[in-house]
Amino acid sequence: MPKKKWWKESVVYQIYPRSFKDSNGDGTGDLKGIISKLDYLHYLGVNVLWLCPVYHSPNVDNGYDISDYRGIMDEMGTMADWEELRDGLHSRDMKLVMDLVVNHTSDQHRWFQESRSSKDSPYRSYYIWRPGKDGKEPNNWSSEFGGSAWEFDALTGEYYLHVFSKNQPDLNWENKTVRYEIYDMMRWWLDKGVDGFRMDVINMIAKHPDLPDAPSVDSSPYQWGGQFFINGPRLRYYLREMYVKVLSKYDIMTVGETRWVDADMARIFVDEYRHELNMLFHFELLELDYGPSGKWEKKAWELSDFKRILSDWQKKLADSGWNSLFLSNHDHPRMVSRFGNDSTYRVESAKMLATLLHTLQGTPYIYQGEEIGMTNVRFPCIEHYRDIETLNMYEEGLKNSKDLKELTEVICEKGRDNARTPMQWNDSSQAGFTEGTPWISVNPNYQEINVEQAQQDQNSILHYYRKLIDLRRRYPLFVYGDYRLILHKHTRIYSYLRHWEEETLLVILNFFEESAVFTLPERVTFKNGRLLIANYSDINEKIVAEDLNELSLRPYEARVYLLD
Ligand code: TEU
Ligand code: CA
């Protein structure tokens, strides 16, 4: 039986600060903008806010390239603004989780400036420097954002490693001084009142000490070296040390962003007795539509995979550990466009997916705008795009004379900017996000899809989220109940039971736009059932078993019953 914890009972709201709310008309969201929306977040009912990076940064990767961990970047505001945000949250009984990006820094960080200045600098081994091999890079690893993972620095005639852009050099975790600097910085923020960390690519910090070549899978000179820098042999040791030196001293929550981790591995990371991390973000679901060559290759996702993956994680983390529940974030397309239907059934399918996320065992994460069903964007041309990953891929594509139409199509469908268009507050110019020119264009559908409209419409996605969040607060069953999949083989319906003390929850989700027939399995018996929430408003509150013998579900229909 899961142990009770505040962060298990929470609903987290993720803010991508550049795109949330601009307070001073410069076109970029900022801390004062977030402060002005705290009442909105409170009204929504979430109780933890995860803030993507707001530290000093040249913004090559929108804050994921940090040049000073202990200050707030000018565009976002000041430390006084940050303190006001913290206090504003705490006075509303809400918590603040900060992004911790310690796999790499910006190349503008003082450590890196010192490090590159000379081979004898005491900061040299803060980063990973190697001489070239036969006039080429030290190994064949590719960068996540295209090209080689190594950059030659003429000043000292060596290469440094950067798994992400060349402006994001990787820190050398083997160096104890680096680790202790990071622990110090973490304690500094925790002492300022931070309630937890979301740890960026935390399972990439331990590189294989020999930095071996990656096996070639295609003719490109650079190959993905993940197996030599993800889940490396020293990772456990570093996490354990971080726990002892930092995390163990505070009542906080931690969630690690960990690609390439399955539920068996996750059990070890989040085991409550091992004290590494509380939760993980895994990508087994979000990578279902990746092709063999990665995210830019399209592949259809299948409901059977959803059931298999979610059931696996639900079961394996049931006794010790905890799940994080999410289908979107700032790196992925909008959930309703990707797994639902963002045209005819936008409202129904957004509510159906929300029902899934809020009725599984784990802590739900809402990515800004998800609660009003914000969709992917289709910009008319590449000039509108801002994301370094997208722009690098586009440039490389052009160089390799890929078909322009195909390139733009895949960017529309898969690019990270889909999630980064400004939050749609109302139907006034720029969706009420800014009085100036936004750093990235607003999605033209803001006149129909915006917070103000959703607040007025009692059947909106927003009100549905408020109701789901409220149910979780009232019923421990939603949070702690165990999970049992039913109708395993059904090709359209995802259905499961949750059980806690004397109560049972029955969740029925039609994942498609075709109607589907639900039949209650014989082994599930109950006297009476009461509808707790549904995404169509015209159904009977009470049911008996016979009603579930042949229940016809409409497109994307979702129902949640409490059974006695
Ligand atoms: O993302 C990690 C990561 O693995 C990404 O490369 C991800 O695969 C990609 O965005 C999918 O398109 C984290 C942050 O969330 C991301 O915003 C940063 O760019 C990245 O780390 C580097 O810090
Ligand atoms: Ca601003």
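- In the annotation of an unreviewed UniProt entry, the entry for the protein chain reads Oligo-1,6-glucosidase, and the organism field reads Desulfosporosinus lacus DSM 15449.
- Per UniProt, the protein chain has the following entry under Subcellular location (unreviewed entry): "Cytoplasm".
- As recorded by UniProt, the Sequence similarities (unreviewed entry) comment attached to the protein chain reads in full: "Belongs to the glycosyl hydrolase 13 family."

### Some words on the packing of aromatic side chains
Right, so step 1: All told, the structure shown has 42 aromatic pairs when counted by the stated rule.
Right, so step 2: Between Phe112 and Tyr160 the ring centres are 4.9 Å apart and the planes differ by 70°, which places this aromatic pair in the edge-to-face class. Highlighted residues: Phe112 in helix H4 (residues 110-117) and Tyr160 in strand E8 (residues 158-161), separated in sequence by 48 residues. The residues Phe112 and Tyr160 share a single accessibility class, namely buried.
Right, so step 3: For the ring pair Trp188 and Trp189, a centre distance of 5.1 Å and an interplane angle of 90° mean the geometry is edge-to-face.
Right, so step 4: A residue is classified by how much of its surface remains accessible, and Trp189, at 0% relative accessible area, is buried.
Right, so step 5: Here the aromatic residues Trp301, Phe306, Phe339, Tyr483, Tyr494, Tyr496, Phe511 and Phe512 are joined through ring pairs into a cluster of three or more.
Right, so step 6: Taking the ring centre of Trp425 as reference, the NZ or CZ of Lys37 above it sits at 4.1 Å.

### Notes on the sheet that holds strand E7 (residues 150-153)
Right, so step 1: Read across the sheet, three strands follow the order E6-E8-E7 without closing on themselves; strand pairing throughout is antiparallel. This sheet does not close on itself; its edge strands, each paired only once, are strand E6 (129-130) and E7.
Right, so step 2: With two bridges joining them, E6 and E8 adopt antiparallel strand pairing. By the bridge assignment, Arg130 is partnered in E8 with Tyr159.

Rules used throughout
The numbering scheme is per chain: residues are counted from 1 as the chain's sequence reads. By the order in which they are written, chains take letters starting at A while ligands take numbers starting at 1. Local features are withheld for residues below a pLDDT of 70 in this predicted model, meaning they are given only at 70 or higher, and side-chain atom pairs are given and counted only at 80 or more; totals for whole chains, interfaces and linings count all residues. Just so you know, side-chain values use all the structure's heavy atoms and leave hydrogens and water out. UniProt positions are given in the numbering used here, feature names are shortened, and annotations may be inferred rather than shown by experiment. Classification of ring pairs uses Phe, Tyr and Trp, with its six-membered ring standing for Trp, and accepts pairs whose centres are within 6.5 Å; under 30 degrees between planes counts as stacked, over 60 as edge-to-face, and the remaining range as tilted. A run of DSSP states H or I qualifies as a helix once it reaches four residues; a run of E qualifies as a strand once it reaches two. Both are numbered from the N-terminal end. Remark: exposure states derive from per-residue accessible area (1.4 Å probe, protein chains only) relative to the maximum for the residue type, with buried under 20%, exposed over 50%, and partly exposed in between. A ring is considered to have a charge above it if a Lys NZ or an Arg CZ atom is located within 6 Å of its centre and within 35 degrees of its normal. Note on pairing: two strands pair once DSSP finds at least 2 bridges between them.

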